[in-house]
Structures are given as C-alpha cells and as structure tokens.
Amino acid sequence: MSEHPHETGTVRVKRGLAEMLKGGVIMDVVDATQARIAEDAGACAVMALERVPSDIRRDGGVARASDPEMIEGIKEAVTIPVMAKARIGHFVEAQMLQALGVDYIDESEVLTPADEAHHIDKWAFTVPFVCGATNLGEALRRISEGACMIRSKGEAGTGNIVEAVRHLRSILGDIRKITQADTAEQFDWAKRLQAPLGLVQEIHATATLPVPMFCAGGIATPADAALVMQLGAQAVFVGSGIFKSEQPALMAKAIVEATTHFADADILVKVSRGLGRSMPGLEMGGLETRLADRGW
Amino acid sequence: MTVGVLALQGAFALHQRILESLGVATTQVRAPRELAGIDAVVIPGGESSTMSMLLERGELWEPLAERLADGMPAFGTCAGAILLGREILDGRDDQRCLAAIDVAVRRNGYGRQVDSFEEPLAVAGLDRAVNGVFIRAPVIEAVGSGVEVLSSLDVGSGSAQPVLCRERTILVSTFHPELSGDARLHEMFLESI
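Residues numbered from 1 in each chain as written. Chains lettered and ligands numbered in written order. Predicted model: local features only at pLDDT ≥ 70, side-chain atom pairs only at ≥ 80, totals over all residues. Heavy atoms only, no water.

Glancing now at the overall build of chain A. Looking only at helices and strands, one finds 13 helices and nine strands in chain A. In summary, chain A has a C-alpha radius of gyration of 18 Å against a globular reference of 19 Å for 296 residues, a match within 12%. When the backbone C-alpha atoms are referred to their principal axes, chain A occupies close to 55 × 45 × 45 Å. In chain A, the share of contacts with a sequence separation of at least 24, taken over all contacts with a separation of at least 6, comes to 66%. With an accessible surface of roughly 11,600 Å², chain A has 50% of that area assigned to carbon and sulfur atoms. (Helix = DSSP H or I, 4+ residues; strand = E, 2+ residues; numbered from the N terminus. Rg over C-alpha atoms; globule rule 2.2 N^0.38 Å. Contact = heavy atoms within 4.5 Å. Areas by Shrake-Rupley, 256 points an atom, 1.4 Å probe, with all protein chains shown as cover.)

This brings us to the overall build of chain B. Looking only at helices and strands, one finds six helices and twelve strands in chain B. Relative to a compact globule of 193 residues, whose C-alpha radius of gyration would be 16 Å, chain B shows 15 Å and is just as compact. The long-range share in chain B, meaning contacts at least 24 apart out of those at least 6 apart in sequence, stands at 62%. Side-chain charges of chain B comprise 16 positive and 26 negative groups, with the mean position of each set lying 4 Å from the other. (Lys, Arg positive; Asp, Glu negative; His and termini not counted. Charge placed at Lys NZ, Arg CZ, Asp CG, Glu CD.)

Our focus in this paragraph is the interface of chain B and chain A. Across the boundary between the two partners, chain B contributes 38 residues, which contact 43 residues of chain A. There are seven salt bridges connecting chain B and chain A. Two residues, R92 of chain B and D40 of chain A, come together in a salt bridge whose shortest N-O distance is 2.8 Å. Here chain B and chain A share 25 residue pairs in polar contact (both at pLDDT 80 or more) between them. For the side of chain B that touches chain A, the secondary structure elements donating two or more residues are α2 (48–57), β7 (117–121), β8 (130–134) and α5 (177–180) of chain B. The element best represented in the side of chain B that touches chain A is α2 of chain B, accounting for five residues. Of the residues in the side of chain B that touches chain A, the class split is 13 nonpolar, twelve polar and 13 charged. Pairing analysis gives two bridges linking strand β1 (residues 7–8) of chain A to β7 of chain B, with the strands arranged antiparallel. Its bridge partner lying in β7 of chain B, T8 of chain A is registered against F117 of chain B. (Salt bridge = Lys/Arg side-chain N within 4 Å of Asp/Glu carboxyl O. Polar contact = N/O pair within 3.5 Å; in protein donor to acceptor, adjacent residues only side chain to side chain. Nonpolar A, V, L, I, M, F, W, Y, C, P; charged D, E, K, R; others polar. Pairing = 2+ DSSP bridges.)

We now examine the pattern of salt bridges. Taken as a whole and judged by the stated rule, the model has 38 salt bridges over all chains. For D103 of chain A, the salt bridge identified is with R136 of chain B, shortest N-O distance 3.1 Å. Taken together, the positions of D103 of chain A in the loop between α5 (91–100) and β5 (104–108) and R136 of chain B in the loop between β8 and β9 (139–143) put the pair across two chains. According to the relative accessible area criterion, R136 of chain B is buried, its value standing at 5%. The closest approach of N and O atoms between D102 of chain B and R86 of chain B, which form a salt bridge, is 2.2 Å. Of the two residues, D102 of chain B is situated in the loop between β5 (87–89) and β6 (103–106) and R86 of chain B in the loop between α4 (79–84) and β5; the sequence distance between them amounts to 16 residues. In this structure D102 of chain B comes out as partly exposed when scored by relative accessible area, which is 25%. Bridged by salt links that share partners, the residues R51, D55, R58, D59 and K244 of chain A form one connected network. (Buried < 20%, exposed > 50% of the residue type's maximum accessible area, 1.4 Å probe, protein only.)

The next subject is helix α6 (residues 184–191) of chain B. Taken across its eight residues, α6 of chain B has six buried, putting it largely inside the fold. Within the span of α6 of chain B, buried status applies to R184, L185, H186, M188, F189 and L190 of chain B.

Quick look at a negative patch on the surface now. Residue and element names in this part refer to chain A. A cluster of acidic residues, E50, D67, E69, E72 and E76, forms a negative patch at the surface. Position of E76 among the secondary structure elements: in helix α4 (residues 68–77). Judged by relative accessible area, which is 69%, E76 ranks as exposed. (Patch = residues over 30% accessible without salt bridge, like charges linked within 9 Å, V, L, I, M, F, W, Y side chains within 5 Å.)

This part takes up the sheet that holds strand β3 (residues 40–43) of chain B. Strand pairing in a sheet is mediated by backbone hydrogen bonds. Such pairs are either parallel or antiparallel. Residue and element names in this part refer to chain B. One open sheet holds the seven strands; their spatial order is β2-β1-β3-β4-β12-β11-β10, and the pairing between them is mixed. Both edges of this open sheet fall to β2 (25–29) and β10 (148–154), since each of them pairs with a single strand only. Within this sheet the neighbouring strands show an average axis-to-axis angle of 20°, counted without direction. Across three bridges, the pairing between β3 and strand β4 (residues 74–77) is parallel. Along β4, the bridge assignment pairs I43 with G76. (Axes fitted to C-alpha atoms, helices over the stretch in contact; angles between N-to-C directions.)

All names here are of chain A. Relative to each other, helix α2 (residues 32–41) and α4 sit at 35°, their axes nearing to 9 Å. The hand of the α2/α4 crossing is right-handed. Residues A32, A35, R36 and E39 of α2 touch α4, and the partners they reach there are G73, I74 and A77. When grouped by side-chain class, the residues that make up the contact of α2 with α4 number four nonpolar, one polar and two charged. (Left-handed = near helix turned anticlockwise from the far one by under 90°.)

Turning our eyes to something else, we now look at unusual backbone geometry. Residue and element names in this part refer to chain B. Despite not being glycine, N108 has its phi angle at roughly 45°, a positive value. Position of N108 relative to the elements: it lies in the loop between β6 and β7. Not every positive phi belongs to a glycine, and S157 is a case in point at roughly 45°.

Attention shifts here to the packing of aromatic side chains. Scanning all chains against the criterion turns up seven aromatic pairs over all chains. Consider the rings of Y110 of chain B and F117 of chain B, whose centres lie 5.4 Å apart with planes at 75°: the pair is edge-to-face. Among the aromatic residues, those joined into a cluster by ring pairs are Y110, F117, F134 and F175 of chain B. Here R192 of chain A stacks its cationic end above the ring of W189 of chain A, 4.4 Å away from the centre of that ring. (Phe/Tyr/Trp six-rings, centres within 6.5 Å; stacked < 30°, edge-to-face > 60°. Lys NZ or Arg CZ within 6 Å of the ring centre and 35° of its normal.)

Okay, structure coming up:
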C-alpha cells in the first residue's frame, strides 16, 4: 500500500462513470425545469447547455460554453450526474467547467470550435471527457488525447437518425474488421486511421473500444434509440429530440424505456403509443452547416 | 445455479463478465418473467433513481421484492447497495428501496465526479487488499445489529465508514469491484449462498 493511496482522476475512475451510464439516456436540458423533467423521466444524466442543437442551428452565430449560473442551477435541481459542453480546443472553458464541478465535459462539435487543429489535452484534467467521432480513427485520436467516453456524432439538431447510423456502422464495422486483422494488417490500420498503433492492437485483442461507446445526434423517437442500441451503442444522448417534441415528459420516459428494452418489440410498441408529434426533422441535403465535420 | 444480473441500466455487463469468469451461468433481468429461472441476483452500479423508476414501470419491483423477502441472495454494488438498503438519504422524494439489508445509505456521499477515487481496502477474510473504486459513491451511514461490516474506509481523525456489508446472504458494497476485474468479492458472494 502506498503512502497516499487515495487517488482521484484516475483513468479507471474517469472511465468508470461512463460504465455506470451504460444502458441509459443522457438528455440535453437548458434550465432547471427541464432538468427535473429529465430526471423524473429516468435520465441517467443531463447535459446542461444554453440552447439545444436545433436552436443553435437555427440561430447561427458562435455557440459557446454555458453561463456558470445556469449550470449551477441545473446541478442544484437534480441528483443525477450533470455534464456540460466546452468548445473543441477551448481548454479554458473546460477548466472552468471542472471548477464548477460538472461530472463530465463534452468537447463538442455542437459548439463553435475554438481551435482548428488541436483538441483539448484531456489527460490534464481530473474531470472525465466525452468526445464525438464519425469514424474509428477520430475515436482513437480522441481516446489518445484522454477522452474516457466516445459518442458517435450523428448530425445534431436534425431529428434525422441517418448520420448516427452511418457513424455507428463505420466505427463498429471497422472494430469488427480489426478483430480479424493479422499483425501486419494492424500496422496498416493504424496508418489508415491516423491512430496510435497501440490502440489498434488493443482493439484487436479485446474486440471493443477501450472506452464506452455511446450514440448521439438525431435520435427523435423511442424506435431511433432502440435502433442505435441494437446496432451496438451502449447508451444514448438525446438533444433536441425531447424538448422539441410535442410532449417532452412523455417522450423522455418513452425513450428511457426504449433504451433499456431495446430488443423487445412489444415494449417498444407499448411505449411509442400516443406520444404526440416528434421534433420536426431535417434532410441532410438541405443543411447549411454539417456539425459532424467539426473535429480533427 | 444461475445468477441474474439486473440489466435495466448501468454496469451490468461487467458483472456478467466476472461471474462468467468464475464459471457461473448468468442471465440479464429486465422483465418479471426473467426472475423465474434465477437463484441469486446482482444489482449493478448505475443511477439508482433511473433503476428504481424502471423497476416500477416494468412491474418488476414487486416480484423482485418478493423474491428477496423469500430469501433470494443478492449482491449490490453502489446504486445496487442503495436499492437493497433499508433507507435512502439525500435521494429523490419518490425513490424507494427494497429493504433487503439493514443499512441506511446516503447518495453521492463523497461529492461529485471530481471527488471520485480509488483506494486499497482491507477486507475481512481476504489476505490481500481489494482496490476500492468509488464513483460518485454512496455512504453507508448506519448499519443494523445483524449486519457484518466486512470492510471500512478510513476517513481520517479516527473514524471509518462501512463500505462492504453483509446480512445473511445479502452483500452490498459502495465501491465497484466489477471495475477492477477482481473476482474475489463475487466469489465471496457465491460462497455465502
């Protein structure tokens, strides 16, 4: 036993919280009232942000980390973990979020990037980070920078699941291929993915990412949540899908149940009845900005 | 023997992996019918408020409580300890517990995620320390007279908090043995049943 055995901020502790969120729903909320609705519905965590992605998309301009007062209000309103977003590369926003005591930081493409070449050095923090990825190379680069959870990006604020499916299939498909790759091919995978060889070898050995893999971006119905869970996501982030629907409390509950019972079609039918209108969706072809393209 | 792992939300897959490494058959429990074939249950870490709501909405609460009242052995870690306890402190107003073990548990007793920690723990009956991984962990504030405290955390100035407790065949820990890949506490649980 060492002299100072009490250690905070270890990789095990940081990845451990992500393990505890598996099978759950993390909901975007903009104030304490929404946070309570999310917790009442069974959210396993909330993401505090000033505007949900569909409003950020509509309003345009620069989207930044949220007002500390708003984050504090949400922290006080709920007992579940509270996450908040920092801009890509904006390590000062991240330092402030850590000082505020948020439980997870999302270095997020939904906000306007602060650095066009570098992501945050996430090893420098006690608080864990989640980062988005559209493909396995991006996921492994984020993990090498210290991310303790990956979420497939999808296309936030669209209510359209097609990009989330594309990203999940790409990441999980490449993991399946690397599991079959011989040693020489693993070098080539590292080169093609622009990712550290050690992480490629770890995937070959374990057949999984070294950190939990969640799904975000475009989930608007219980069926969407169950779809990405059946494809292999381990939990879901729902942004605009809840509070832009006609009956947020009902939709939130239904998505929580669908995420737990993702393989049970009878339960999915039951929870999907009478939810009212889902959020309005957008076709990818009509988008001016692709948020998923942010990140390097 | 089959051990059911409550799979509503949380780190259920890690518990299954450890149990299976010990050669034990496991099954995931999400629906009342899945309780029928199990001889013991593990309630994993996760969010206790989420799990308790899903237990109620899935009409799983009453049948699970009945099985526990009939003496089904159970192992709860972190959120699982909160659910198996007799009393919840600092929980949601509507949050219930299964009262299978006579402990009072305070949610998030050590603070937020930045305060989550690892610390080696001496455990009664084990010769080497267990790595205690505490994630937004609860604190066991009170234990009944029938409860054995198998491990405690030194919190300074001569005081210690129970972190691993057993009453009959109910075992609870406020930390996460499933995150360390250490099977000894699962073995201890299986030996007790």
